[in-house]
Amino acid sequence: MMVFPKMRNIIRCGQKKKQRISAAVAMKDLNFDADKALAKEFLSNFADAVGEPKYINSSNKLRIAKSAQSRLILRTCLITRISMRSVTENTRRYVGIFADAIDELMPQPTEAFPDDDHDILMTQRSDDGPDSMDPHQKMPPEIKRYFEVYIRASSKGQPFTIREVKASYIGQLVRISGIVTPCSDVKPLMQVAVYTCEECGFEIFQEVTARIFMPLFECPSRRCSINKTKGNLILQLRASKFLKFQEAKIQELAEHVPKGHIPRTMTVHFRGELTRKVAPGDVVELSGIFLPILYTGFRAMRAGLVADTYLEATSVTHYKKKYEEYELRGDEEEQIRSLADDGDIYNKLARSLAPEIYGHEDIKKALLLLLVGAPHRKLKDGMKIRGDLHICLMGDPGVAKKRSCHKEGGALVLADMGICAIDEFDKMDELDRTAIHEVMEQQTVSIAKAGITTSLNARTAVLAAANPAWGRYDLRRTPAENINLPPALLSRFDLLWLILDRADMDSDLEMARHIVYVHQNKESLALGFTPLEPSVLRAYISAARRLSPSVPLELEEYIASAYSAIRQEEAKSNAPHSYTTVRTLLSILRISAALARLRFSETVAQSDVDESLRLMQMSKFSLYSDDRQRSGVDAISDIYSILRDEAARTNKLHVSYAHALNWISRKGYSEAQLKECLEEYAALNVWQINPQTFDIRFIDA
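Residues numbered from 1 in each chain as written. Predicted model: local features only at pLDDT ≥ 70, side-chain atom pairs only at ≥ 80, totals over all residues. Heavy atoms only, no water.

## Looking at helix 18 (residues 556–572)
Then step 1. With 17 residues, helix 18 extends 25 Å between its outermost C-alpha atoms, agreeing within 8% with the 24 Å of an ideal straight helix rising 1.5 Å per residue.
Then step 2. Of all the residues in helix 18, the buried ones are I559, A562, Y563 and I566. For helix 18, the angular spread of the buried residues around the axis is 95°, confining them to a single face. Exposed residues pointing more than 90 degrees away from the buried face of helix 18 are listed as E557, A571 and K572.
Then step 3. Along its buried surface, helix 18 packs onto helix 19 (582–598) and helix 20 (606–618). (Helix = DSSP H or I, 4+ residues; strand = E, 2+ residues; numbered from the N terminus. Expected span 1.5 Å × (residues − 1). Buried < 20%, exposed > 50% of the residue type's maximum accessible area, 1.4 Å probe, protein only. Arc of directions from axis to C-beta. Contact = heavy atoms within 4.5 Å.)

In structure tokens form, the structure reads like this:
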């Protein structure tokens with residue numbers, strides 16, 4: 001059937017008229033007194049999962065614990081006796097209804113008022129007798145309340161995007177998602193203004209329902225009217241009631257913006273205990289009342305009937321919480337306890353990071369330690385030693401450097417208490433590179449501009465990805481020439497990982513098979529293990545970060561000897577691959593403490609120190625293997641030289657298998673190569689091998 005445009009408009013007008021009539025009928029059927037009685041019944045009888053009364057207990061505690069503001073959060077899905085449509089479409093009115101119901105359910109005080117200004121004023125007002133019949137002298141209920149009521153939208157379904165919230169949602173409860181951009185300071189917002197008349201001495205109350213109000217100047221009390229005196233009113237700030245107020249703007253997420261459009265923003269108002277819940281850069285889900293805000297003054301004359309809109313927030317949910325704010329659930333605690341008892345938890349956690357990326361096991365271990373970090377140290381003189389790890393991934397293009405960088409926060413200051421991922425680190429502007437020196441060591445950003453001098457916190461771990469100076473690593477040049485970063489900056493990285501794209505038949509074939517399989521089947525190959533869920537991984541790291549392990553006295557000499565050996569080895573080399581400074585020693589301590597955290601241990605073990613030294617050596621494995629190829633030394637001979645030199649340095653003829661494996665692992669060799677070396681040189685009668693423990697005993701010739 002063909003419908004003409006004129007007829008379509010008539011049909012539309014009829015539908016809108018029908019909606020208005022139904023809304024008017026629904027409003028006529030509303031009985032707020034009955035809803036108030038239902039609200040009292042709901043607050044009195046609603047029970048939680050255990051069967052205990054949920055809200056009446058909260059109401060009883062409100063009068064006792066007045067030192068801290070109490071919040072009462074009501075979910076629309078739980079309010080069954082009252083029409084959900086009425087609550088969601090007229091939310092602000094029902095917030096007042098529930099607040100009045102709580103006032104009537106509130107028991108009388110059972111304790112003496114504490115000695116603070118507000119309670120002294122309330123005691124004086126109660127001693128003055130009942131409220132006057134004069135409406136201006138009647139004490140508003142808001143000034144007596146020590147609680148806040150928030151109605152939270154149901155979590156069923158997807159939240160709205162900002163552009164989906166139209167004018168038809170004015171006054172309704174909506175749920176939106178987005179990213180917080182600017183955020184104001186928390187300021188006091190007047191809720192009830194209290195005046196004192198100089199003539200009659202009465203207190204006059206004025207409720208403030210908007211951000212702008214007109215103060216009273218003449219006393220409106222009945223006594224001043226009878227005496228025909230214009231009593232001068234003095235605003236009593238200490239007797240008035242203020243709320244904490246914060247304004248922020250929320251912007252659409254990038255995936256919600258249609259192609260060719262710009263992101264839309266919305267103003268959000270936070271009041272009371274909801275303030276300081278968000279910061280710029282947070283991805284949040286907000287529940288709130290969509291309201292208009294009228295223009296005032298000359299802006300109102302120009303705007304006419306047009307009004308601006310804002311969201312009065314009633315709840316805040318963060319998509320990503322900080323590790324310190326993460327609360328473990330009951331099943332997660334049990335799962336973490338069982339994982340901590342697993343002897344292979346270090347490898348399991350590392351393999352669970354980006355399991356779709358082929359290989360790079362040691363790099364994943366380094367990224368795991370970056371997430372865990374080490375505890376910050378504060379000396380007696382006030383000096384701070386950072387605990388965050390900094391890692392730089394440098395290598396040829398196409399070796400999955402960027403895929404390993406998972407960005408947790410913004411840049412530097414916005415990433416405070418998080419991770420800042422910086423790509424193309426080698427192409428950074430010289431001024432920015434100079435500024436990052438302070439961030440990576442002092443973890444602050446100093447600003448001196450337009451007469452403002454301040455220092456901002458940037459307590460962040462830096463994960464940088466960079467390419468060599470000529471795009472690809474040139475083996476004919478020294479590492480210092482290839483890296484092309486100043487030594488002062490390189491020394492601030494705990495681990496500088498060099499990843500070279502070397503041609504190898506076996507590894508290239510495995511890599512190609514992996515990529516082709518993922519491209520065809522849209523999933524990774526069978527990994528041979530079950531990766532941990534991201535939520536479990538996050539919970540485990542959160543629990544590990546709460547520990548603060550320390551280095552025992554018996555390990556101090558061992559760490560000092562290992563650091564000294566690295567320095568000596570570097571001094572003997574004609575072309576050293578790295579610059580070992582005192583910061584390297586601090587890096588060893590930080591990595592060892594992070595490994596101890598993963599074991600849920602309060603003390604660092606020797607195995608933690610050995611693993612940190614191994615990771616430092618493995619980060620340059622590509623270069624060491626190339627040096628060995630150019631020098632013509634095969635792996636078996638090199639392993640023998642390592643074991644002989646270490647035994648001579650310690651002046652021992654007996655070497656345990658664990659120590660031998662640790663020494664050759666630092667040089668990038670595997671356990672299979674060690675066993676092959678032991679068998680070959682045992683046949684030459686150079687040493688003897690214990691058949692049970694594989695310990696080595698040199699034959700003194």
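And the narrative resumes.
## Overview of the packing of aromatic side chains
Then step 1. Evaluation of the coordinates by the stated rule reveals eight aromatic pairs.
Then step 2. Seen from their ring centres, F42 and F98 are 6.4 Å apart, and the 85° between their planes marks the pair as edge-to-face. Here F42, found in helix 2 (residues 32–45), pairs with F98, found in helix 5 (residues 91–105); they are 56 residues apart in sequence, far enough to count as distant. Judged on exposure class, the residue F42 and its partner F98 are both buried.
Then step 3. Feature note: the residues Y640, Y681, W687 and F698 constitute an aromatic cluster, connected by ring pairs.
Then step 4. Residue placement shows K675 over the ring face of F694; its charged tip is 5.5 Å from the ring centre. (Phe/Tyr/Trp six-rings, centres within 6.5 Å; stacked < 30°, edge-to-face > 60°. Lys NZ or Arg CZ within 6 Å of the ring centre and 35° of its normal.)

## A short note on the confidence of the model for the protein chain
Then step 1. When pLDDT is averaged along the protein chain, the result is 77; 76% of the residues meet or exceed 70.
Then step 2. Looking across the protein chain, the model is least confident in helix 12 (residues 401–404), with a mean pLDDT of 49, and most confident in strand 8 (residues 265–271), with 93.
Then step 3. Low pLDDT, under 50, characterises residues 62–68; the stretch is placed with 14 contacts to residues that sit more than four places away or in other chains.
Then step 4. Counted against residues more than four places away or in other chains, residues 403–410, with its pLDDT under 50, gives 18 contacts. (pLDDT = per-residue confidence, 0-100.)

## With respect to the nonpolar core
Then step 1. Ranked by size, the top nonpolar core spans 48 residues in total, and within it L349, L368, L369, L370, W497, I591 and L598 carry the most contacts.
Then step 2. Among the elements that take part in this core, helix 11 (residues 361–372) stands out by supplying eight residues, more than any other.
Then step 3. Here L368 is in contact with Y346, L349, A350, L353, I541 and L598, once residues within four sequence places are set aside.
Then step 4. Ranked by size, the runner-up nonpolar core spans 22 residues in total, among them V87, Y94, A101 and A153. (Core = buried A, V, L, I, M, F, W, Y, C linked by side-chain atoms within 4.5 Å.)

## Points about the pattern of salt bridges
Then step 1. Under the criterion given, the structure shown has 12 salt bridges.
Then step 2. Note that E273 and K244 form a salt bridge whose closest N and O atoms lie 3.3 Å from each other. In this pair, E273 sits in the loop between strand 8 and strand 9 (283–293) while K244 sits in strand 7 (residues 241–251), placing the two residues 29 residues apart along the sequence.
Then step 3. Classification of E273 as partly exposed rests on a relative accessible area of 23%.
Then step 4. The partner of D362 in a salt bridge is R614, with the nearest N and O atoms 2.8 Å apart. Note that D362 is positioned in helix 11 and R614 in helix 20, a separation of 252 residues in sequence.
Then step 5. By relative accessible area, R614 is classed as buried at 13%.
Then step 6. A network of salt bridges, in which partner residues are shared, links K36, K40 and E104. (Salt bridge = Lys/Arg side-chain N within 4 Å of Asp/Glu carboxyl O.)

## Concerning the sheet that holds strand 20 (residues 687–689)
Then step 1. An order of 19-21-20 is seen for the three strands of this open sheet, with the pairing classed as antiparallel. Both edges of this open sheet fall to strand 19 (654–655) and strand 20, since each of them pairs with a single strand only.
Then step 2. Pairing of strand 20 with strand 21 (residues 696–698), which is carried by three bridges, proceeds in the antiparallel orientation. Note on strand 21: the bridge partner recorded for I689 is I696.
Then step 3. In this fold helix 22 (residues 635–650) packs onto strand 19, strand 20 and strand 21, with an angle of close to 70° to the strand it touches most, strand 21.
Then step 4. Seen against the sheet, helix 24 (residues 671–683) touches strand 20 and strand 21 and runs at an angle of roughly 125° to strand 20. (Pairing = 2+ DSSP bridges. Axes fitted to C-alpha atoms, helices over the stretch in contact; angles between N-to-C directions.)

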